[in-house]
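Each chain is listed here by its residues.
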Amino acid sequence: MISIHLYGKLRQYAPNRSASGDSVIRLEALEDENLDSLLKRGGIDIHEIYTIFLNAKLLATHNSMARWLEYPQFQQNIHDWDLSTIIRDGDRIGLFGRDMAALVV
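Model, not experiment: these values are computed from the prediction.

Peer 1: Could you give me a rundown of the nonpolar core, with the residues and numbers involved?
Peer 2: Membership of the largest hydrophobic core comes to 19 residues, with the highest contact counts inside it found for Ile 4, Leu 35, Ile 93 and Leu 95. Elements that contribute at least two residues to this core include exactly strand 1 (2-7), strand 2 (24-27), helix 1 (35-41), strand 3 (49-54) and strand 5 (92-97). Residues contacting Ile 4, with those up to four places away along its chain left out, are Ser 23, Val 24, Ile 25, Leu 27, Leu 38, Ile 44, Ile 93 and Leu 95. Listed in part, the six residues of the second largest apolar core include Ala 66, Ile 78, Phe 96 and Met 100.

Printed below as a string of structure tokens:
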């Protein structure tokens, strides 16, 4: 099972949209599925995403300050929005919308 944790306006895609609730989409893992495909399967519009974490590591962001914040990074270039990363069973994805950009700083 893969869990996609949604923050800010991205909560609209979760079964429980409450700010005080657990806004998580849980999807069965598919063999060799990449992040782009997973997000599409979950019905999430990638154009609404500002920052992506994969297993508590920064995968991609539009935040120009992120490289100075010393987050553990999943890949060298965190401004590369190539979503071909393969997602595996048990992975945890955190998605922050454009309205949550300040929380990443």
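Peer 1: Account for the confidence of the model for the protein chain, naming residues and giving values.
Peer 2: Within the protein chain, residue pLDDT values average 88, and 90% of them lie at 70 or more. Mean pLDDT across the elements of the protein chain ranges from a minimum in helix 2 (residues 101-104), with 58, to a maximum in helix 1, with 97.

Peer 1: Pulling in residues and values, what's your account of the sheet that holds strand 2?
Peer 2: In space, the five strands of this open sheet follow the order 2-1-5-3-4, with mixed pairing throughout. At either margin of the open sheet sits one strand with a lone partner, and together these are strand 2 and strand 4 (57-61). Looking at each pair of strands side by side, their axes are set apart by 20° on average, direction ignored. As paired strands, strand 1 and strand 5 are joined by five bridges and run parallel to one another. Each bridged residue has a counterpart across the sheet, and for Ile 4 the counterpart in strand 5 is Ile 93.

Peer 1: Quick one: what's the story with unusual backbone geometry, residue by residue and with numbers?
Peer 2: Even without being a glycine, Asp 32 presents a positive backbone phi close to 60°. Mapping Asp 32 onto the fold places it in the loop between strand 2 and helix 1. Overall, the relative accessible area of 54% leaves Asp 32 in the exposed class.

Peer 1: Describe the packing of aromatic side chains, naming the residues involved and giving the relevant values.
Peer 2: Counted by the stated rule, this structure contains two aromatic pairs. On the numbers, 5.9 Å between centres and 70° between planes, the contact of Phe 53 with Phe 96 is edge-to-face. Remark: Phe 96 occurs in strand 5 and Phe 53 occurs in strand 3; sequence separation between them is 43 residues. Across the pair, Phe 96 and Phe 53 agree in class, each one buried. Each residue in the set Tyr 7, Phe 53 and Phe 96 is aromatic and connected to the rest through ring pairs, giving one cluster.

The rules we used
- Starting from 1, residues in each chain are numbered consecutively following that chain's sequence as written.
- Side-chain atom pairs in this predicted model are given and counted only at pLDDT of 80 or more, local residue features only at pLDDT of at least 70, and totals for whole chains, interfaces and linings cover all residues.
- Think of the side-chain values as coming from all heavy atoms in the structure, minus any hydrogens and water.
- Note on terminology: a nonpolar core comprises buried Ala, Val, Leu, Ile, Met, Phe, Trp, Tyr and Cys residues joined through side-chain atoms within 4.5 Å.
- For each residue, the accessible area found with a 1.4 Å probe, counting protein chains only, is set against the maximum for its type, and the residue is called buried under 20%, exposed over 50%, and partly exposed in between.
- Per the convention used, a helix needs a DSSP run of H or I reaching at least four residues, while a strand needs a run of E reaching at least two, with both numbered from the N terminus.
- The contact rule is simple, with two residues in contact once any of their heavy atoms fall within 4.5 Å.
- Confidence scores here are pLDDT values: one per residue, from the predictor, ranging 0 to 100.
- Whether two strands pair depends on DSSP finding at least two bridges between them.
- Axis lines are fitted to C-alpha atoms, over the contacting stretch for helices. Their N-to-C directions set the angle, which ranges from 0 to 180 degrees.
- Each pair of aromatic rings taken from Phe, Tyr and Trp, with Trp reduced to its six-membered ring, is defined by centres within 6.5 Å and is described as stacked if the planes are under 30 degrees apart, edge-to-face if over 60, and tilted in the remaining cases.

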